[in-house]
Amino acid sequence: MVVEAKPSTKGRKSSAANTSKPRSGSGGLSIDPLSSALEGVDPLSALAATQPSHSIAGHQKSTNQRKDSLPREIDDTFEPWSSKRTGILNKFTTSEKLSITTSFLPSGDKDRVVITKPTTTTVSDKVKNRLEQLDDFEEGSVKEMLNLSQQDYMTRIEELNQALICAWNRDQRVKALKIAIQCAKMLADTAVVQFYPSKFVLITDVLDTFGRLVYDRIKEKSSYLPPGGRVPIKLPANFTPDKVPESAKETCRNWFYKIASIRELIPRIYVEMAIMRCYGYLDQGEYSNALNKLTQAIRGIGDPLVSIYARCYLSRVGMVLAPNIHNHLLPCFNDFLSCYSQLQGDSVQNMLALQRLEMPQYLTLYSPALDWLLQCIAHNSSEETLIKILDKCQKQCNSALLLNSIMGAFKPEYVANKAIQFTEMIKECEETGFPKHYLHRSLGLCLVLADPPDNQKLSLLNEVWKVVMKLKNPTDYISCAEVWIEYVVKHFGKREVNTILGDITKHMTPDRAFEDFYPQLQSVVTKILSHQHDFSVLFTLEKFLPFIDMFQKDSVKTEVCKNITESFIKYQTESTNDPVILNAMMFVCKTMHDSVNALTLDDDRRVISNLICGFIHKVSFGRDFEQQLSYYVECRASFSNLDLVLVELIQKVNSLSMHTRNVVKGNHSRKTAAFVRVILEWITILGRPRQKKYTQLVWMHFCRHVQHIVSLLCHH
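Each chain has its residues counted from 1, running along the sequence as written. Local features in a predicted model are, by the rule used here, given only for residues with pLDDT of at least 70; side-chain atom pairs are given and counted only at 80 or more, and totals for whole chains, interfaces and linings are based on all residues. Excluding hydrogens and water, the side-chain figures rest on all heavy atoms present in the structure.

Participant: Let's hear about the nonpolar core: which residues, and what values?
Facilitator: Most often, soluble globular proteins keep nonpolar side chains buried together rather than apart. Only buried residues count toward a nonpolar core. Its members are Ala, Val, Leu, Ile, Met, Phe, Trp, Tyr and Cys residues joined through side-chain atoms within 4.5 Å. Burial status follows relative accessibility: with a 1.4 Å probe on protein chains alone, a residue under 20% of its type maximum counts as buried, one over 50% as exposed, and anything between as partly exposed. Counting residues in hydrophobic clusters, the biggest one holds 206 residues, and the most contacted among them are Y270 and Y362. Where helices and strands are cited, they refer to DSSP runs of H or I of at least four residues and of E of at least two residues respectively, numbered from the N terminus. Top contributing element to this core by residue count: helix 9 (residues 196–220), with twelve residues. Contacts: residue pairs with any heavy atoms within 4.5 Å of one another. If near-sequence neighbours (up to four positions away) are discounted, Y270 is found in contact with A184, L187, F200, T204, L207, V306, Y309, A310 and Y313.

As structure tokens, then:
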């Protein structure tokens, strides 16, 4: 459906004719800012002229200080934005209908498109229309595409990206700029707020494209004459501003002049951030000035969610262009602290009520931007930076949202050293919709990577666990227990681990809650096995096997048993005959064996067989041959459906008979001869395994050879 309201053509011509003329009104003469920008001093030069001279000297001083200090270059510990992008798009989705306001996309048949055109009836309206000329839509029309699904919205944004590239390739620079402006305007819209982080990712991709096109275009025009040369050459990758010709610098300045003339704040900020790389053509020191200037400009954005994402984009651009400049990062964070109280204000509360969104969901929307900003601050920073930030949070807003992001951004070593302070701040912080169990989980993640001071380990566990054990929601509880079990296994003994396992079983058993948390329970077992390698201790834990019994689903229980057996084979370096270990491992291996049926794949059957054979290898009763044979007989009864295990048992029994011969040195007594005859009869009764013919032939040859040797010795 298309609805169109047309203004009079006469009105448009009149508006165009009067844009360069002054008008009289109650306030006196008002000059058109666009015309004055062309006729007089440009906005950037005017801004520079108003700065006091000592600010330039101060900038030179700060630049010299930065040169003297070590640069904060990005290393492998810094997680790039590209790795976060997909996670944000997957997490922040919506089933609500979205809209796009643009004039550069064709409308689909299923979209409702509303087209409006501004009517100019008074002189005031004419001047206002002229002021909006730079960022107005094509032909003065606005197309609002309604009822778009999330996928349709993403497709439309990609179409805008392609339209921008197409316009640029056709030398339609103004159209490309208008597309960038319109995309940036969309970031002021929070009509479907739960989708805003994903919208930010999509829109900034388009702005990144625009910035790259502008930068590459200026570079193409920046051919220069090398000293003593006659043929112009292109700028090298690591060029300095003195090599850039004046014509290219003028083009660069013109781009910034155009952007400075954009009327609305949010598109002006975003588009300037998108082309900030172009400051490299003018002066390398301009990066610091531009970052500080934009930091101050973002303070004019009223919506706290929109402003934190603007700061996120600013820090993103800054880390790419000038990773050694970071004096704008803490002011960005401080500005967010200053406006944090707005989250409890009437405007936000009314918006949440209108969109039927709960405060916990709303606060999670801040996490990607806040995490990124704090990561930029924390990268290669000292522990003093963490101390300063914690002090500011305690004084201004001890928020659960902030603490969670701080623990995720700074090095685990720093967090571990301040673990007691974090637990106190978590206890006293304003929850405001952000659950505290998230904070305990984040603290636990840091403490398993870095050890706290020895004298604080037990007090930390007691302080945290007395809160965790009171959680009634199984999801909240297991999210913390899954992390903290590793801390307990690393730093404490049998009693503490047994206590935690018992508490987990207690929380997961009611209403069979464990059925919904098999992955988390598997993670608990894996973390215990990764740190506890003494299986005599592990299997004497009173709560361990009851914990394993919670895996009621056969496939899951089999996987857990595989993990236990793999760990046993890997870490049990010496042979054992400990009855506790044998009974527990027989239970584990029997569980794997019983999971095999006619539908089991050959590969799975082979894996289980090899694991059971590995367990059999680890058991030895020394010279107690009768006990060893009894163990093999028990294994034969327990694992009768696996041919590879039967072959292994036959080889073990044959080896036992030969070992008996070696012990008696070929001189069998009546007792040892009778024992060997029992072995031979047992092998005969066992029968041939169902293997390939070649395997059967080798097996029969080996058994006959052993039987022949032993029989001769016994008769002798």
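Participant: So what's going on with unusual backbone geometry? Which residues, and what values?
Facilitator: Positive phi values are uncommon outside glycine, yet R356 reaches one of about 55°. Mapped onto the elements, R356 comes out in the loop between helix 15 (346–355) and helix 16 (359–364). Positive phi outside glycine occurs at N380, with the angle close to 60°. In this fold, N380 is placed in the loop between helix 17 (367–378) and helix 18 (383–396).

Participant: Give me the lowdown on the packing of helix 7 (residues 150–169) against helix 9, citing residues and values where you can.
Facilitator: Angles run from 0 to 180 degrees between N-to-C directions of axes, and those axes are lines fitted to C-alpha atoms, restricted for helices to the stretch in contact. For the pair helix 7 and helix 9, the least separation of the axes is 10 Å and the interaxial angle reads 10°. Here helix 7 is positioned roughly parallel relative to helix 9, judged by the angle of their axes. Of helix 9, the residues touching helix 7 (which contributes Y153, M154, I157, N161, L164, I165 and W168) are K199, L202, I203, V206, T209, F210, L213, V214 and R217. Any angle that falls under 35 degrees is termed roughly parallel, while one over 145 is termed roughly antiparallel, one within 65 to 115 roughly perpendicular, and all others oblique.

Participant: Run through helix 19 (residues 400–409), naming residues and quoting values.
Facilitator: Where burial is concerned, most of helix 19 is hidden: nine out of the ten residues are buried. Structurally, the start of helix 19 carries an N-cap: the backbone nitrogen of L401 is 3.2 Å from a side-chain oxygen of S399. Side-chain atoms alone can form a polar contact between residues adjacent in sequence; in general such a contact is a pair of N or O atoms within 3.5 Å, and within protein one must be able to donate a hydrogen while the other accepts it.

Participant: Before we move on, can you summarise the state of the cysteines with the specific residues and values?
Facilitator: Only a pair of cysteine sulfur atoms within 2.5 Å qualifies as a disulfide here. Going through the model one piece at a time under the given rule, you end up with zero disulfides. Among the cysteines around C339, which has no disulfide bond, C397 carries the closest sulfur, lying 9.1 Å off. Of all cysteine sulfurs in the structure, the one in C589 sits closest to C561, which takes part in no disulfide; the separation is 8.2 Å. Overall, C561 belongs to the buried group, its relative accessible area being 0%.

Participant: Break down the pattern of salt bridges for me, citing the residues and quoting the values.
Facilitator: A side chain of one charge can pair with a side chain of the opposite charge when the charged atoms of the two come close. A pair is scored as a salt bridge if a Lys or Arg side-chain nitrogen falls within 4 Å of a carboxyl oxygen belonging to Asp or Glu. Taken as a whole and judged by the stated rule, the model has 23 salt bridges. Taking the shortest distance from any N to any O, the salt bridge between E220 and R217 comes out at 3.7 Å. With a gap of three residues between them, E220 and R217 both fall in helix 9, about one helical turn apart. On the basis of relative accessible area, E220 is assigned to the exposed category, the value being 55%. D454 is the salt-bridge partner of K457, the closest N and O atoms lying 2.9 Å from each other.

Participant: Describe in detail the packing of helix 21 (residues 419–428) against helix 22 (residues 436–449), supporting the description with residues and values.
Facilitator: Interhelical geometry of helix 21 versus helix 22 gives an angle of 175° and a closest axis separation of 10 Å. The angle between helix 21 and helix 22 places the two elements in the roughly antiparallel class. From helix 21, A419, F422, T423, I426, K427 and E428 reach across to helix 22, where they touch K436, L439, H440, L443 and L447.

Participant: Summarise helix 11 (residues 265–274); cite the residues concerned and give the values.
Facilitator: Extensive coverage of helix 11 is indicated by the burial of eight of its ten residues. What helix 11 keeps buried is the set I266, P267, I269, Y270, V271, E272, M273 and A274. For helix 11, the secondary structure elements touched by its buried residues are helix 8 (173–186), helix 9, helix 10 (246–260), helix 12 (286–298) and helix 13 (304–321).

Participant: With reference to specific residues and values, describe the environment of H328.
Facilitator: Mapped onto the fold, H328 is located in the loop between helix 13 and helix 14 (329–338). Not counting residues up to four positions away in its chain, the partners in contact with H328 are L291, N292, T295, L314 and S315.

Participant: Quick one: what's the story with the packing of aromatic side chains, residue by residue and with numbers?
Facilitator: Any two of the Phe, Tyr and Trp rings considered here, Trp counted by its six-membered ring, make a pair once their centres fall within 6.5 Å; the pair's planes then place it as stacked at under 30 degrees, edge-to-face at over 60, or tilted in between. Under the counting rule described, the total for this entry stands at 31 aromatic pairs. Members of the aromatic cluster, connected to one another through ring pairs, are F78, W81, Y196, F200, Y270, Y309, Y313 and W372. Should the NZ of a Lys or the CZ of an Arg lie within 6 Å of a ring centre and within 35 degrees of the ring normal, that charge is described as sitting over the ring. Lying across the ring of W168, R173 places its NZ or CZ 4.3 Å from the centre. The side chain of R277 reaches across the aromatic face of Y215, ending 3.7 Å from its centre.

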